[in-house]
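Coordinate analysis (summary)
What follows is each chain in one-letter form.
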Amino acid sequence: MKVLFSNLVLPKAKIVVIAISDALKLGAISAKLDEKTGGALKKAIKAGSFKGKKGEVLSVIAPTAVTQDIIILIGIGKEDDINDLVGQSVGGKITATLNGLKVKSAEIIVENTPEDKILAANIAYGVSLRSYDFNKYRTRQKKEDKPTLNEIGVLVKNSDKVKSQFATYEKICKGVFLTRDVVTEPSNELHPESYAQVIKKEFTGAGLSVKILNEKQLTKLGMGALLGVGQGSIRESHVVAIEYKGDKSDKTTPVAFVGKGVTFDTGGISIKPSAGMEEMKYDMGGSAVVVGLMKALAGRKAKVNAVGIVGLVENMPGHNAQRPGDVVKSMSGQTIEVLNTDAEGRLVLADILWYAQEKYKPKTVVNLATLTGAIVVALGSEYAGMFSNNDKLCDRLSSAAEKTDEKLWRFPLSDAYDKLIDSPIADMQNISSGRGAGSITAAQFLQRFIQKGTAWAHLDIAGVTWAKKDMDTCPKGATAFGVRLLDKFVADNYEK
Ligand code: BES
Ligand code: ZN
Ligand code: ZN
């Protein structure tokens, strides 16, 4: 999406969008345009039921006296309620509306609100976020099915300032799109080996370095839990660390982000039912958020030192696959009885969480994973589950979640739940011996790999990684839930 900004002048585009609050007052330029149309806009506002509510759309066919074909009024709601999120959702609505009309380019007028600047940059951000399209595997998509919009001009006061704010958003958007891309890729294309290469290719540049560990190195490190998950696959398992040094003067340890990257989860020998199994291509969603986040941070040159660590494995049945009942030894030295090979995400995370702490000594670790079906039962697709040993970290994450509308709901952890994963023959087992609380017992399992003094949060994103229907700032499919949230979390708490 090409986005251009210019100061307020009469628009030249054939299609013009005017952002208007529920006060229904046109700004100076819009009023001029209205005059040229012979009052068509005011008339349409008066005639219809348009109230200027957030995201409400009124299309007006423009008379021949003006260059425009259609002028679209888009509601931004109450002026007092305008914030980043309102702008983004209005922007998303604009993309959807213009694509619906098969429009290629348009100009958007943002004027007449005290929040013009915030609004304009965020509208452009929303336009961009919603414009995501994944079509690389279509060889004969009908022209009319393709999204058409590829250029918008934003007309706003002080457009230079708006432009520089948007420049940051554009970088975050690139991270979001990378996440959506890798999540959407089918698992025959994106497997642990190719995924590691995709990451390497993506992150060659200033302040960044990528370290790829292969099975030989992982064996040497003692990652028996992660390797056990991948042993049924013909693809070699990999752990990839993306180091970003955005603040050379900071000599403290980096903040760490850790992601589950199961490129396909068949369940292994504890095989999943076939209905819906194709969804398990997105079981690498946690890793994808880490990758997209690193791209966003590096892209906008965030003044922070951060490391992203992802565990890339494929969970397959086969002659060499792990069996239910196998006992594996994790890098931490703790042993695990694998009672269900479909509870594999925690096995992968156990080793990479430990590796992250041993290698980088971070004060704070946030991990993301499409970890449990139980979280989908509990929260659906609105909130992700949050589990943590640190209240302050939770507050920080929750605050970023509110600001980015990627909402989190905290669940409890306690010794009583922890007991449920004690094993009769090993240090622990990978599923609960009780019924219920499946997301919590999974989190308790992860906590057994968190060292004393590390502030840790686990985000279970199984319900929010893939959207079954369009949302304002995201077409249906991969959402990249977590990229904007964690980018904000870093910006608010770790950047100088
Ligand atoms: N990848 C799944 C969790 C999942 C479910 C992600 C739905 C996205 C959507 C995970 O590896 C899994 O299979 N978990 C099992 C754990 C059980 C065997 C204890 C589950 O949730 O059923
Ligand atoms: Zn599984
Ligand atoms: Zn899984």
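Preceding this section is the structure that the text describes.
Quick summary incoming for the structure in this document.

Cut-offs applied
- Residues numbered from 1 in each chain as written.
- Chains lettered and ligands numbered in written order.
- Predicted model: local features only at pLDDT ≥ 70, side-chain atom pairs only at ≥ 80, totals over all residues.
- Heavy atoms only, no water.
- Donors = N, O, S within 2.8 Å, 3.2 Å for Na, K, Ca; no water.
- Tetrahedral: all angles 85-135°; square planar, octahedral: opposite > 155°, others 65-115°.
- Helix = DSSP H or I, 4+ residues; strand = E, 2+ residues; numbered from the N terminus.
- Buried < 20%, exposed > 50% of the residue type's maximum accessible area, 1.4 Å probe, protein only.
- Near = heavy atom within 4 Å.
- Polar contact = N/O pair within 3.5 Å; in protein donor to acceptor, adjacent residues only side chain to side chain.
- Nonpolar A, V, L, I, M, F, W, Y, C, P; charged D, E, K, R; others polar.
- Expected span 1.5 Å × (residues − 1).
- Phe/Tyr/Trp six-rings, centres within 6.5 Å; stacked < 30°, edge-to-face > 60°.
- Lys NZ or Arg CZ within 6 Å of the ring centre and 35° of its normal.
- Pairing = 2+ DSSP bridges.
- Arc of directions from axis to C-beta.
- Contact = heavy atoms within 4.5 Å.

For a metal bound by four donors in tetrahedral geometry, the ideal donor-metal-donor angle is 109.5 degrees, whereas six donors in octahedral geometry ideally sit at 90 or 180 degrees. Protein coordination at the zinc ion (ligand 2) comes from Asp-265 (OD), Asp-342 (O), Asp-342 (OD) and Glu-344 (OE), with a distance range of 2.0 to 2.2 Å. Taken together, the six donor atoms coordinating the zinc ion (ligand 2) and their angles of 71 to 167° define a geometry best described as irregular. Of note, the donors binding the zinc ion (ligand 2) are all from one chain and are spaced D-x76-D-x1-E. Distance-wise, the zinc ion (ligand 3) is placed 3.2 Å from the zinc ion (ligand 2), both being coordinated by Asp-265. Residue Asp-265 is found in strand β9 (residues 255-265), and its partner Glu-344 is found in the loop between β12 (335-338) and α10 (345-360); the two are separated by 79 residues along the sequence. Taking relative accessible area as the criterion, Asp-265 reaches 2% and is therefore assigned buried.

Lining the immediate surroundings of ligand 1 are 16 residues, of which Lys-272, Asp-283, Asp-342, Glu-344 and Gly-373 lie closest. Between Lys-260 and ligand 1, the recorded distance is 3.3 Å, taken from a side-chain N or O atom to an oxygen atom. A distance of 2.7 Å separates an oxygen atom of ligand 1 from a polar atom in the backbone of Gly-373. Taken together, the residues that form the shell around ligand 1 break down as five nonpolar, four polar and seven charged.

This next bit is on the environment of Lys-301. Its location among the elements puts Lys-301 in the loop between α9 (285-299) and β10 (305-315). The spatial distance from the C-alpha of Lys-301 to the C-alpha of Ser-159 is 22 Å, given a sequence separation of 142 residues.

Helical geometry: 3.6 residues make up each α-helical turn, so side chains three or four residues apart lie on a common side. If you check helix α4 (residues 116-130), its first and last C-alpha atoms are 21 Å apart, about what 15 residues at 1.5 Å a residue would give, namely 21 Å. Across the 15 residues of α4, 13 count as buried, placing the element largely inside the fold.

This part is about the packing of aromatic side chains. Taken as a whole, this structure holds ten aromatic pairs when the rule is applied. Between Tyr-383 and Trp-409, the aromatic rings sit 5.8 Å apart at their centres with planes inclined by 90°, giving edge-to-face as the arrangement. Here Tyr-383 is found in the loop between α11 (373-379) and β14 (384-388), whereas its partner Trp-409 is found in strand β15 (residues 408-410), with 26 residues between them in sequence. Judged by its relative accessible area of 26%, Tyr-383 is partly exposed. One aromatic cluster in this structure is built from Phe-257, Phe-489 and Tyr-494. Between Lys-359 and the ring centre of Tyr-360, over which it is positioned, the NZ or CZ distance is 5.9 Å. Over the aromatic face of Tyr-494 sits the side chain of Arg-396, whose NZ or CZ is 5.8 Å from the ring centroid.

The three strands are arranged β11-β12-β16 in an open sheet whose pairing can be described as mixed. In the strand order of this sheet, the two ends are held by β11 (326-329) and β16 (428-429), each with one partner. Here β12 runs beside β16; their pairing, made up of two bridges, is parallel. When the bridges of β16 are listed, Glu-337 appears paired with Gln-429.

Those residues of helix α2 (residues 40-47) that fall on the buried side of the exposure criterion are Ala-40, Leu-41, Ala-44 and Ile-45. Burial along α2 is one-sided: seen end-on, the buried residues are contained in an arc of 135°. Opposite its buried face, α2 presents the exposed residues Lys-43, Lys-46 and Ala-47, each directed more than 90 degrees away. Next to the buried residues of α2 lie β2 (15-20), α1 (28-36), β3 (57-61) and β4 (70-75).

Structurally, the position occupied by Ser-89 is in helix α3 (residues 84-100). Ser-89 gets classed as buried once you look at its relative accessible area, which sits at 10%. In this view, Ser-89 contacts Lys-54, Asp-472 and Thr-473; residues no more than four positions away in its chain are not counted.

What follows concerns the coordination of the zinc ion (ligand 3). Donor atoms from the polypeptide that coordinate the zinc ion (ligand 3) comprise Lys-260 (NZ), Asp-265 (OD), Asp-283 (OD) and Glu-344 (OE), at 1.9 to 2.4 Å from the metal. Taken together, the six donor atoms coordinating the zinc ion (ligand 3) span angles of 77 to 175° at the metal, a pattern that classifies the geometry as octahedral. Mapping the donors of the zinc ion (ligand 3) onto the primary sequence gives the spacing K-x4-D-x17-D-x60-E. Asp-283 sits in the buried class, given a relative accessible area of 2%. Residue Glu-344 is classed as buried on the basis of its relative accessible area, which comes to 1%.

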